[in-house]
Amino acid sequence: MLKTPISIGLRTLLVLVVLFHISVVKSATKQIDTTPKLMQWTINDIQREALAYIPSTAKTKATPIIFIFHGHGGNMTNMMKNRAYEKRWPEAIIIYPQGLNTPGQLTDPQGKRSGWQKAPGEKTIH
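Residues numbered from 1 in each chain as written. Predicted model: local features only at pLDDT ≥ 70, side-chain atom pairs only at ≥ 80, totals over all residues. Heavy atoms only, no water.

(A) Representation of the sheet that holds strand β1 (residues 37-43). Taken together, four strands build an open sheet; the order of strands is β1-β2-β4-β3 and the sheet is mixed. With one partner strand each, in any of the chains shown, β1 and β3 (65-67) form the two edges of the open sheet. The average undirected angle you get between the axes of adjacent strands in this sheet is 30°. When β3 meets strand β4 (residues 93-97), the two strands line up parallel, connected through three bridges. What sits directly across from I66, in β4, is I94. (Pairing = 2+ DSSP bridges. Helix = DSSP H or I, 4+ residues; strand = E, 2+ residues; numbered from the N terminus. Axes fitted to C-alpha atoms, helices over the stretch in contact; angles between N-to-C directions.)

Here it is as structure tokens:
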């Protein structure tokens, strides 16, 4: 086989294309830490908490925010484990808030399980 400048150039180009492709695939499959962190706040003397995933890029560019509310009797941890939106959309801020013990619309009239009120002041939270 002759080693002409054209064949050497094509081989070099082929090697560069393969290396570029490998680089793109590696960066696309690079593991991103999508572990939500527990955050806590006190609002009107009531301790509130949520599991929050905030990507590092949120400090430098516009970032969508998604709130994932669990159903009555559920909790933020199970919702995060079952939905895992931070793994599906790692560029977004994902918040899994924890509900407070609140009477349910259909069940749990004593409010012994966690849930949400539908309107401000609708239910007394203890």
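(B) Summary view of the pairing of strand β2 (residues 46-53). Summarising the sheet, β1 and β2 pair through seven bridges and their orientation is antiparallel. For W41, the partnering residue across the bridge sits in β2 and is R48.

(C) Structural detail: the nonpolar core. If you look at the biggest cluster of nonpolar residues, it comprises nine residues: L51, Y53, I68, M76, M79, M80, A92, I94 and Y96. Counting only elements with at least two residues in this core, the list comes to β2, α2 (76-83) and β4. Per-element tally for this core: the top contributor is α2, with three residues. Ignoring anything within four residues of it in the chain, the contact list for M79 reads I68, F69, H70, G71, A84 and Y96. (Core = buried A, V, L, I, M, F, W, Y, C linked by side-chain atoms within 4.5 Å. Buried < 20%, exposed > 50% of the residue type's maximum accessible area, 1.4 Å probe, protein only. Contact = heavy atoms within 4.5 Å.)

(D) Geometry of the packing of aromatic side chains. Summed over all chains, the structure comprises two aromatic pairs. Taking the centre distance of 6.3 Å and the plane angle of 20° together, the rings of F67 and F69 count as stacked. Where F69 meets W116, the ring centres are 4.9 Å apart and the plane angle is 90°; that geometry is what we call edge-to-face. With F69 in the loop between β3 and α2 and W116 in the segment after β6 (114-115), this residue pair connects regions lying 47 residues apart in the sequence. (Phe/Tyr/Trp six-rings, centres within 6.5 Å; stacked < 30°, edge-to-face > 60°.)

(E) Region of interest: the side chain of T63. Tracing the chain through its elements places T63 in the loop between β2 and β3. Reaching out from T63, the side chain makes a polar contact with the backbone oxygen of K61 at a distance of 2.8 Å. If sequence neighbours within four positions are ignored, T63 has contacts with P55, T57, A58, E91, A92 and I93. (Polar contact = N/O pair within 3.5 Å; in protein donor to acceptor, adjacent residues only side chain to side chain.)

(F) Up close: the environment of G104. Among the secondary structure elements, G104 is positioned in the loop between β5 (100-101) and β6. Relative accessible area serves as the criterion here: at 19%, G104 is assigned to the buried category. Sequence separation of G104 and W116 is 12 residues, and the distance between their C-alpha atoms is 8.2 Å.

(G) Highlighting unusual backbone geometry. The phi torsion at D45 lies on the positive side, around 65°, for a residue other than glycine. One can find D45 in the loop between β1 and β2. Judged by relative accessible area, which is 78%, D45 ranks as exposed. Non-glycine residue D108 carries a positive phi angle of around 60°. Secondary-structure assignment places D108 in the loop between β5 and β6.

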